[in-house]
Each structure stands twice: as C-alpha cells, then as structure tokens.
Amino acid sequence: MPLNQPDRPPVRRVPVAVYIATSSEAATLILTGHARAFAEARDWTVTFTMVDDDPTRPLDQRPGWQAIIDALNARTIHGVAIWTRDMVAGSQASRGIEAYDRLAAALGDRGGFLAVAHTTAPDH
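Residues numbered from 1 in each chain as written. Predicted model: local features only at pLDDT ≥ 70, side-chain atom pairs only at ≥ 80, totals over all residues. Heavy atoms only, no water.

A. View of the overall build of the protein. If you tally the helices and strands in the protein, you get four helices and four strands. Ordering the α and β elements of the protein from the N terminus gives β-α-β-α-β-α-α-β. Across the 124 residues in the protein, those meeting the buried criterion constitute 37%. For the protein, the proportion of contacts with a sequence separation of at least 24, taken over those separated by at least 6, is 67%. Only carbon and sulfur atoms are counted for the fraction: they give 53% of the accessible area of the protein, which is about 7,900 Å². (Helix = DSSP H or I, 4+ residues; strand = E, 2+ residues; numbered from the N terminus. Buried < 20%, exposed > 50% of the residue type's maximum accessible area, 1.4 Å probe, protein only. Contact = heavy atoms within 4.5 Å. Areas by Shrake-Rupley, 256 points an atom, 1.4 Å probe, with all protein chains shown as cover.)

B. Broad picture of the side chain of D52. Among the structural elements, D52 can be located in strand β2 (residues 45-52). No salt bridge is formed by the buried D52; its nearest oppositely charged neighbour, R62, is found at 5.0 Å. Discounting residues that sit within four places of it in the chain, D52 has contacts with Y19, I20, A21, T22, R62, P63, G64 and W65. (Lys, Arg positive; Asp, Glu negative; His and termini not counted. Salt bridge = Lys/Arg side-chain N within 4 Å of Asp/Glu carboxyl O.)

C. Representation of the sheet that holds strand β1 (residues 15-21) in the model. Here we have four strands laid out as an open sheet, ordered β2-β1-β3-β4, and parallel in their pairing. In this open sheet, the two edge strands, each paired with only one partner strand, are β2 and β4 (113-116). On average, adjacent strands in this sheet sit at an angle of 25° to one another, irrespective of strand direction. Pairing of β1 with β2 involves seven bridges; the strand directions are parallel. Directly across from A21, in β2, lies its bridge partner D52. Along the sheet, helix α2 (residues 63-74) makes contact with β1, β2, β3 (79-82) and β4, crossing β2 at roughly 150°. (Pairing = 2+ DSSP bridges. Axes fitted to C-alpha atoms, helices over the stretch in contact; angles between N-to-C directions.)

D. Main features of the pattern of salt bridges. Scanning the entire structure with this criterion turns up two salt bridges. Ionic pairing is found between R13 and D43, a salt bridge with its closest N-O pair at 3.3 Å. Of the two residues, R13 is situated in the segment before β1 and D43 in the loop between α1 (25-41) and β2; the sequence distance between them amounts to 30 residues. Here D43 falls in the partly exposed class, since its relative accessible area comes to 48%. For R36, the salt bridge identified is with E40, shortest N-O distance 3.3 Å.

E. Expanded view of the packing of aromatic side chains. On inspection of all chains with the given rule, the structure shows three aromatic pairs. Aromatic side chains F38 and W44 sit 6.0 Å apart centroid to centroid with 80° between the ring planes, which places their arrangement in the edge-to-face category. The exposure class assigned to F38 is buried, which follows from its relative accessible area of 14%. Each ring, one from W44 and one from F113, has its centre 5.0 Å from the other, and the planes form 55°; the classification is tilted. Taken as a pair, W44 in the loop between α1 and β2 and F113 in strand β4 lie far apart in primary sequence, 69 residues in all. (Phe/Tyr/Trp six-rings, centres within 6.5 Å; stacked < 30°, edge-to-face > 60°.)

Just geometry here; none of it tells us what the structure is for.
Quick look at the structure:
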C-alpha cells in the first residue's frame, strides 16, 4: 500500500557548466573530461563547457568566465564544475584560498555553486 505523500514537483537534474582555465592545449581535453566526469558522477547535467586559454588574466576579463556568469544570471545553469581552485582564484596558496572562498560565496548569493573536482594537499 503506497504512503500518502503530497504532490511534489518532479526531480530534475541540476544543470552545470564545466570551466577550465589552462594555457596547455594538451591539458584542455584531459581536464575538461575529468571535470565533466566529476559532474556527471553527481548526476548533474553538463550543459556546456568553457575554456579560457590565459589563466593569468584576471577572472573578470576572461571571455569564458563571462559566459559562465551570464548563464548563472540567466539561470540556465546552477553551478560550475572546475578542475582546481587556482583556475578561478590564482595559484598563490593563502590568497588563492581567500579568493576562491569569496567567489564561491558570491555565486552562492546568486543561488549558484562552485565545485572543485580535484583537490590537492597544501604540501603538494
């Protein structure tokens, strides 16, 4: 006998984008594949992938990242899967962590999220 449950909207998969910032063409396919697999393992739907080839450029000046922000603002995606934090926050350890935390909070304030597929220990 089924339990009486209130009508609920159907569950749908969370749409996300994959974002990669690397100057290495060889790494691009590998990293996008790994980030996509990370997202799909969480049952997220990857709607598109953006790659910026100059990770030294400020994040707000990267065309791929701007497309990500536009999609978040339009609510066509709800999250962003990245390979490592330094792709969006720089590689300096303490400043990079602070920048990542600020960015993640800003996306959270918009109703989105940022997910890191690969983390490393601080001593690596």
